[in-house]
Amino acid sequence: MDARSDRNAIPLAVDLDGTLIATDLLWEGLFILLKKNPLYLFLVPFWLAGGPARLKQAIAQRIDIDPASLPYREALLQRLRIEHGEGRQIVLATGTPRKLAEAIAVHLGIFDRVLATDGPHNMTSGRKRASLVAAYGDGGFDYAGNSRHDLRVFDAARAAIVVAPDRHAARWQAAHGAEMMPAPKPTFRTIVKMLRVHQWLKNSLIAVPMVLSHEYFNADMVWECLLAFVSFSAVASAIYILNDFFDLALDRKHLTKRNRPFASGALSIPFGLGSMMVLLAMGVGAGLLLPIEFLGVLGGYIVITTAYSLSFKRMLLIDVLTLAGLYTIRVLAGDRRRRLVLAAGLLDLLFPVAGAGEAFCRAAHDRDSGRRTHCRPRLPHRRPGDRRPGGHGLGLFLGAGAGTLYGQCCGARTLSSPVASLAPGADRPVPDHPCLDSRPPRRDA
């Protein structure tokens, strides 16, 4: 009997989360559930009190996954297909609930048996080892895993394949000289994509009040604008990470968004959660150095952007109004002394138009991922609930905004100073320019 025949006579058991797929279905399932109804968050502690198996089963019963869109580790998957084709028995041994594990096994069609979490039994670590030893004997199987939960299974296996290991599994692999299949390490560009650094440009609106009040040589004002910019940028990046968690399933079906760090599996969800906590701490910490009113504006921004991620962005008109409000909030956040007075209706008109433009560009980008047919973008992966640009409604909205803005510009007789007081009865500064003087010309006697 040659080495290949000897190897094929030994079953190969493979872990799922973090090994065969570059994600964790427990975390993904939790965010799918919360996206369906955020109130499930209050049930999670009660499910967790019943043990990890109870939590996994409760989530799995309420969600469905698309096995075809998951981020598989292609090198390992290709190896499993080859060995399955050569007649080797392949076993899926995972702590994932049986409902989800069997859906993946059916999709791939290479597994002869599935060992998964079922009922009150969490199929990890010692329980997984006991099940495999009971089925194939001590040293009667090979095993592919990735984490500290797999160390006891490695010890009972004839041979171990360590795939994309965490630090515990990496130390075990180095000590035992086991085979390793490393995963690409995240690069600086991956982190930049996670943070959406290009979106920080929107936060430059914070400086609008400083510029309009001509305080750009005021060191205190500049310092406060920089702190506000850092605060908003950190919080915005945290919310973008949260948005990515909620949109994992949808992003993986998109032509370009599938390459985002979390959708592709380049970064793990626990890493993203840790990054999100650090970013929120940075944002609130910078905000604490500013007047207390700024924290109120920042809190409103967090609430609105979270609601936008959960629901508002799939409602076209609400989408536009929310984006407009977020632009306005950035300007208000930079108004240190609350003395900014713009031309009547400027904020009410300029930012809804900007919000509509951003919403339309996002929708157009989504649809331009497909080919154009008859001058209309065709999206082969259109899904229920997607926003539609709605040309007629959007055109009326933009037209009304432009018309009203034109009317206000033509009808404006005075411009308030950007540092004018808002107090009732306060004297208004007299414009110096003759074209802006609303008083009738004085006639000489």
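Residues numbered from 1 in each chain as written. Predicted model: local features only at pLDDT ≥ 70, side-chain atom pairs only at ≥ 80, totals over all residues. Heavy atoms only, no water.

Let us look at the pairing of strand β3 (residues 113-117). For β3, a buried count of 4 out of 5 residues is recorded, marking the element as mostly surrounded by other parts of the structure. You can see the chain leave strand β2 (residues 90-97), run along helix α6 (residues 98-108) and come back into β3, and the turn it takes is right-handed. (Buried < 20%, exposed > 50% of the residue type's maximum accessible area, 1.4 Å probe, protein only. Helix = DSSP H or I, 4+ residues; strand = E, 2+ residues; numbered from the N terminus. Right-handed = clockwise from strand over helix to strand, strands pointing away.)

Glancing now at helix α12 (residues 219-246). In this model, α12 (28 residues) spans 41 Å end to end at C-alpha, consistent with the 40 Å of a helix rising 1.5 Å per residue. In terms of burial, α12 is a largely internal element, 21 of the 28 residues being buried. Residue Asn218 occupies the N-cap position of α12, its side-chain oxygen lying 3.0 Å from the main-chain nitrogen of Asp220. (Expected span 1.5 Å × (residues − 1). Polar contact = N/O pair within 3.5 Å; in protein donor to acceptor, adjacent residues only side chain to side chain.)

Here the focus is the packing of helix α2 (residues 25-36) against helix α4 (residues 52-60). At their nearest, the axes of α2 and α4 sit 9 Å apart, and the two run at 50° to each other. In terms of orientation, α2 lies oblique with respect to α4. Seen along the crossing, α2 lies across α4 with a hand that is left-handed. From α2, Leu26, Gly29, Leu30 and Leu33 reach across to α4, where they touch Leu55, Lys56 and Ile59. The residue makeup of the contact of α2 with α4, split by class, is 5 nonpolar, 1 polar and 1 charged. (Axes fitted to C-alpha atoms, helices over the stretch in contact; angles between N-to-C directions. Parallel < 35°, antiparallel > 145°, perpendicular 65-115°, else oblique. Left-handed = near helix turned anticlockwise from the far one by under 90°. Contact = heavy atoms within 4.5 Å. Nonpolar A, V, L, I, M, F, W, Y, C, P; charged D, E, K, R; others polar.)

The next subject is unusual backbone geometry. Even without a glycine there, the phi angle at Ser125 is positive, about 50°. Within the element layout of this structure, Ser125 appears in helix α7 (residues 125-136).

Another aspect to go through is the side chain of Arg88. Among the structural elements, Arg88 can be located in the loop between α5 (74-85) and β2. Residue Arg88 is classed as buried on the basis of its relative accessible area of 2%. A distance of 2.7 Å separates the side chain of Arg88 from the backbone oxygen of Ile10, its partner in a polar contact. At a separation of 2.7 Å, a polar atom in the side chain of Arg88 contacts the side chain of Glu83.

Membership of the largest hydrophobic core comes to 28 residues, with the highest contact counts inside it found for Val14, Leu20, Tyr72, Leu80, Leu108 and Phe111. Contributions of two or more residues to this core are made by β1 (12-14), α5, β2, α6, β3 and β5 (159-163). What Leu80 contacts, discounting residues up to four positions off in sequence, is Leu12, Val14, Leu20, Ile90 and Ile110. Counting residues in each nonpolar core, the second largest holds 27 residues, with Phe31, Ile63, Ala238 and Ala263 among its members. (Core = buried A, V, L, I, M, F, W, Y, C linked by side-chain atoms within 4.5 Å.)

Scanning all chains against the criterion turns up 15 salt bridges. The partner of Glu83 in a salt bridge is Arg79, and the shortest N-O contact between them spans 3.2 Å. Here Glu83 pairs with Arg79, and both are found in helix α5, just 4 residues apart, close to one helical turn. Under the relative-accessibility criterion, Glu83 is labelled buried at 3%. Ionic pairing is found between Glu102 and Arg98, a salt bridge with its closest N-O pair at 3.2 Å. (Salt bridge = Lys/Arg side-chain N within 4 Å of Asp/Glu carboxyl O.)

So, about the pairing of strand β4 (residues 142-145). Here β4 shows no split at all, with Asp142 and Ala144 on one side and Tyr143 and Gly145 on the other all buried. Each parallel crossover has a hand, and the one from β4 via helix α8 (residues 151-156) to β5 is right-handed.

A word on the sheet that holds β3. Read across the sheet, 6 strands follow the order β3-β2-β1-β4-β5-β6 without closing on themselves; strand pairing throughout is parallel. Two strands close off the open sheet at either side, each with one partner strand: β3 and β6 (179-181). Strand-to-strand twist across the sheet, computed as the mean angle between neighbouring axes with direction ignored, equals 20°. Note that β1 and β2 share 3 bridges and pair parallel. Each bridged residue has a counterpart across the sheet, and for Ala13 the counterpart in β2 is Val91. Where α4 meets the sheet, its contacts fall on β2 and β3, and the angle it forms with β2 comes to roughly 90°. Of the strands in this sheet, β1, β2, β3 and β4 touch α7, which is tilted by about 155° from β2. (Pairing = 2+ DSSP bridges.)

This next bit is on the packing of helix α15 (residues 269-287) against helix α16 (residues 292-310). In contact at an axis separation of 9 Å, α15 and α16 are set at 150° when each is read in the N-to-C sense. In terms of orientation, α15 and α16 fall into the roughly antiparallel class. Of the residues in α16, those in contact with Gly283, Val284 and Gly287 of α15 are Phe294, Leu295 and Leu298.

When pLDDT is averaged across the protein, the result is 80; 74% of the residues are at 70 or more. Counting contacts from residues 339-351, a segment whose pLDDT is below 50, to residues more than four positions away or on other chains yields 32 contacts. Every residue in residues 368-438 scores below 50 in pLDDT, and together they form 85 contacts with partners more than four places removed in sequence or on other chains. (pLDDT = per-residue confidence, 0-100.)

So, about the packing of aromatic side chains. One pass over the full model with this rule turns up 8 aromatic pairs. Seen in terms of ring centroids, Phe232 and Tyr301 are 4.8 Å apart; in terms of plane orientation they differ by 50°. Their pairing is tilted. Of this pair, Phe232 sits in helix α12 while Tyr301 sits in helix α16, and the two are 69 residues apart along the sequence. An identical accessibility class is assigned to Phe232 and Tyr301; each is buried. Among the aromatic residues, ring-to-ring pairing joins Phe31, Phe245, Phe246 and Phe262 into one connected group. (Phe/Tyr/Trp six-rings, centres within 6.5 Å; stacked < 30°, edge-to-face > 60°.)

So, on to α6. By the burial criterion, the buried members of α6 are Leu100, Ala101, Ile104, Ala105 and Leu108. End-on view of α6: buried residues confined to an arc of 135°, all on one side of the axis. Directly after α6, the chain includes Gly109, whose backbone phi takes a positive value near 70°. (Arc of directions from axis to C-beta.)

Note that Ala60 resides in helix α4. Taking the C-alpha atoms as reference points, Ala60 and Lys99, separated by 39 residues in sequence, lie 7.0 Å from one another. Excluding residues that lie within four positions of it along the chain, Ala60 makes contacts with Pro97, Lys99 and Leu100.

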